Amino acid sequence: MASCGSVTNAEILALLFVIAPKFATTDPDKLAGYNTLIDALRCMINCQLLGCCAALAFANLLAHYLTMQGNQYLGVGTNISEGQLSLGLSATINANAFASTPYGQQYLNILAKFRVGAFVTNVGPRWYGPQC
């Protein structure tokens, strides 16, 4: 996918704080970490294809990675036990890491709405892509 340079870090963070308020912060160290992660994830978003949905997809992708960072066992194991305490974890659906968080699922949902090039149906070819 092409680099996503048209969406700024500030736009992505503003949407992140609305989508996932638990990550909202003014701590400069955390914000620096968020910006570093955003820069690393730019290769996973194609702004040209996603158009006006790129910032929303990016914010969900960032929230997914931050959620994964906070829970090392998410989608990895099925049971953890210590003494009398036992926790059951759900396995990742279809071995897809993005399906293990609601933010990753929403990211996949946004991507699923777009097709590159002509898409042939029984009513003839149509072009799918950003509507904005």
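Placed above this text is the structure.
Let us look at the structure shown here. All values derive from a computational prediction rather than experimental measurement.

### A closer look at the overall build of the protein chain
Counting secondary structure elements, the protein chain contains 5 helices and 4 strands. If you list the helices and strands of the protein chain from N to C, you get α-α-α-α-β-β-α-β-β. Looking at the protein chain alone, contacts between residues at least 24 apart form 61% of all its contacts between residues at least 6 apart. Accessible area for the protein chain stands at about 8200 Å²; split by element, carbon and sulfur atoms hold 58% of it.

### Re helix α1 (residues 9–19)
For an α-helix the count is 3.6 residues per turn, leaving residues at separations of three or four pointing the same way. For α1, every residue scored as buried is listed here: N9, I12, L13 and L16. On an axial view of α1, the arc spanned by its buried residues comes to 95 degrees, and they lie on one face. Residues of α1 that are exposed and point more than 90 degrees away from the buried face comprise A10 and V18. Buried residues belonging to α1 abut α2 (28–41) and α4 (54–70).

### What to know about α4
Its 17 residues give α4 an end-to-end C-alpha distance of 24 Å, which sits within 8% of 24 Å, the value for a rise of 1.5 Å per residue. For α4, the tally of buried residues reaches 12 of 17 residues, placing the bulk of the element in the interior. Turning to α4, the residues buried within the fold contact α1, α2, α3 (47–50) and α5 (102–112).

### Focus: the packing of aromatic side chains
By the definition in use, this model includes 2 aromatic pairs. On the basis of an interplanar angle of 55 degrees and a centroid distance of 6.5 Å, the ring pair of F17 and Y34 is categorised as tilted. With a gap of 17 residues between them, F17 in helix α1 and Y34 in helix α2 connect regions that are remote in the sequence. With a relative accessible area of 23%, F17 lands in the partly exposed category. Judged by centre distance (5.2 Å) and plane angle (50 degrees), the ring pair of F98 and Y107 falls under tilted. Assessed through its relative accessible area of 18%, F98 is described here as buried. Using a relative accessible area of 3% as the deciding quantity, one classes Y107 as buried.

### So, the pattern of salt bridges
Taken as a whole, this structure holds 1 salt bridge when the rule is applied. Between D39 and R42 there is a salt bridge; the shortest N-O distance is 3.8 Å. Classification of D39 by relative accessible area gives partly exposed; the value is 46%. Judged by its relative accessible area of 14%, R42 is buried.

### Re the state of the cysteines
Following the criterion strictly, the structure yields 0 disulfides and no others. Left unpaired, C53 is separated from the closest cysteine sulfur, that of C52, by 4.5 Å. Exposure remark for C53: the relative accessible area of 25% places this residue in the partly exposed category.

Procedures and definitions
Position labels on residues start from 1 in each chain and follow its written sequence. For a predicted model such as this one, the threshold for reporting local features is a pLDDT of at least 70, and the threshold for listing and counting side-chain atom pairs is 80 or more; totals across whole chains, interfaces and linings nevertheless cover every residue. Side-chain descriptors were evaluated using all non-hydrogen atoms of the structure, hydrogens and water having been removed beforehand. Runs of E in the DSSP output that reach at least two residues are strands. Runs of H or I that reach at least four are helices, and both are numbered from the N terminus. Working rule for contacts: check all heavy atoms of both residues, and any pair within 4.5 Å makes them a contact. Methods summary: accessible areas were calculated by the Shrake-Rupley approach with a probe of 1.4 Å, and residue burial reflects only the protein chains presented. When a residue's accessible area, from a 1.4 Å probe over protein chains only, is under 20% of the maximum for its type it is buried; when over 50% it is exposed; and in between it is partly exposed. Think of the arc as the fan of directions from the helix axis to the C-beta atoms. A helix's residues, less one, multiplied by 1.5 Å, set its expected span. Pairing of aromatic side chains requires ring centres within 6.5 Å, counting the rings of Phe and Tyr and the six-membered ring of Trp. Pairs whose planes differ by under 30 degrees are stacked, by over 60 edge-to-face, and all others tilted. Between Lys or Arg on one side and Asp or Glu on the other, a salt bridge is scored when a side-chain nitrogen of the former is within 4 Å of a carboxyl oxygen of the latter. Note on disulfides: each one is a pair of cysteine sulfur atoms within 2.5 Å.

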